[in-house]
Amino acid sequence: MDMKDSLKSDSLRIEHLLNTIKEQGVEYLNSISDRATSADNKLIPEKQALPEEGYGTEEVLRLFNKRFEPLMVASSGPRYLGFVTGGSTPASVAGDWLSTIYDQNTQSVKGQGDISAVIEIETIAMLRDLLELPKSFLGGFVTGAMMSNFTCLAVARQWYGKGKNTDIAKEGMMMPVHVLTATPHSSAMKSLSLLGIGSNNIIKIKTEEGNREAICIEDLEDHIQKLNGEPFILISSAGTVNTVDFDDFAAIRKLKENYNFWWHIDAAFGGFTVCSDTYKHLVRDWEYADSITVDCHKWLNVPYESAVFFIKEEYKLLQVETFQNSNAPYLGDPLESFNYLNFLPENSRRLKALPAWFSLMAYGKDGYRDIVENSIFCSKQFGAFIEKSNDFELLAPVRLNTICFTLKGEEMQEKVNQFLELLNATGQVFMTPTNYNQRKGIRAAFVNWRTTTQDIELITETMATLITNFK
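Residues numbered from 1 in each chain as written. Predicted model: local features only at pLDDT ≥ 70, side-chain atom pairs only at ≥ 80, totals over all residues. Heavy atoms only, no water.

K.L.:
Mind showing me how you'd approach the environment of E15 here?
P.N.:
By secondary structure assignment, the location of E15 is in helix α2 (residues 14-30). Note: C-alpha distance between E15 and K204 (189 residues apart in sequence) is 57 Å. (Helix = DSSP H or I, 4+ residues; strand = E, 2+ residues; numbered from the N terminus.)

K.L.:
Explain the environment of M126 here, please?
P.N.:
Tracing the backbone shows M126 in helix α5 (residues 116-130). Along the chain, M126 and K415 lie 289 residues apart, while their C-alpha atoms are 47 Å from each other.

K.L.:
I tried to follow the sheet that holds strand β9 (residues 402-407) on my own but got confused; where do I start?
P.N.:
One key point about sheets: their strands pair by backbone hydrogen bonds, in either a parallel or an antiparallel sense. Spatial ordering of the open sheet is given by β8-β9-β11-β10, a layout of four strands whose pairing is antiparallel. The strands lining the two open edges of the sheet, one partner per strand, are β8 (392-394) and β10 (432-436). Across the sheet, the mean angle from the axis of one strand to that of its neighbour is 45°, orientation sign disregarded. Here β8 runs beside β9; their pairing, made up of three bridges, is antiparallel. Its bridge partner being in β9, E393 is matched across the sheet by T406. Strand contacts of helix α12 (residues 353-388): β8, β9 and β11 (439-445), with the helix running at about 125° to β8, the strand carrying the most contacts. The sheet strands contacting helix α13 (residues 416-425) are β8, β9, β10 and β11, and the helix crosses β11 at an angle near 30°. (Pairing = 2+ DSSP bridges. Axes fitted to C-alpha atoms, helices over the stretch in contact; angles between N-to-C directions. Contact = heavy atoms within 4.5 Å.)

K.L.:
How should helix α9 (residues 217-226) be read in this particular structure?
P.N.:
Residues lying three or four places apart along an α-helix face the same way, a consequence of the helix completing one turn every 3.6 residues. Every buried residue belonging to α9 is among I217, D219, L220, H223 and I224, and all of these are buried. An end-on view of α9 places all buried positions within 160° of arc, on one side of the element. In α9, the exposed positions angled more than 90 degrees off the buried face are occupied by E218 and K226. Summarising the contacts, the buried residues of α9 are in contact with β2 (179-181), β3 (202-204), β4 (232-237) and α10 (249-258). (Buried < 20%, exposed > 50% of the residue type's maximum accessible area, 1.4 Å probe, protein only. Arc of directions from axis to C-beta.)

Put into structure tokens, the structure is as follows:
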């Protein structure tokens, strides 16, 4: 059967094919708690060459199930605690499948094309509501915190250039850009590199004393004054990677009243603390920022590769200057017609908003309040186990949903990574290595809607058994 015949056959049998995949998907989701959280790399099959003639989808599915499916880990399962990875809610899975089926080109909100941009803008409004942000923020969907930080900092770069009477988007980088920060995420640093600002050109601010990762406001103001009125970009954090520390946004707001700077907040997962009445004070005054990064495939629990940027509407023109398709007449005048692509870094985009739209509509504010508070409850339960243990110790206080810990005793420092490898090899849980205050550690992030206290019990029992044999 040649390619033309197999394609025609697949088209005629599409219902059968989708039903087969649906059944496999349902089986995976129903047993995800029992699936291993790590794979044995030794079992990875040898690469297969591109066939001269296609096999057809059913045979390819058989090959996939034979070669790769058994090695697929439960990365969206309840005990996968690495990389702050949420699990897809049932509604978001439905939305994601439909995104693929309808295969829309998210572009214009006007004209006679598809309406996917309308859905996206509506979803942005829902997220603003969930996050209690004002309507003065415009937003858009991108692939992750990396591209969200990139988008926000690209507009910040344009703002900086305008203050120097330069259109950086058109004329390029012709000056150094002052960037102040304390504990930025690696994606923010990568963004500075891609934007030509330079990841090594930041002005590093001290952190607060007392095992903190938050910006020291006094040191920040000292560095601001040394700039002698020069504009700058401030990158602050709503939830640092290791210890989920938050910068003092109320204090930064006061600084913004007296100094000229672009205030960006990386709130990839920490922004969702606003859903919890107990912890929402951590983001008080964040609405005074100029731009905010939020990751949807973390605490919003939608399929991977989904994030949102928020930028104040007053910078709408700067945003268009930064991302406009100025030499594409088929896309219309970027300043006269609202073509969505002129506000975003990516031109080729699927309907990324649909999984979030489905999930937000399906579970509402109450549902996400439960997800956030359950994650925090589970992290506290796990943190209590570490605190009481004779074998482990916390490297920082349990502030929210991420635990940073290590093996107790300096003599065990060289064995931390070895223990983590053995722990992950059990397939019962997955965590990631880290370093904090010059000590090797282990990091566990709780953001998955599936995680329960029973999962914590299984994790702690596995760790207790392993450390006994390990020593």
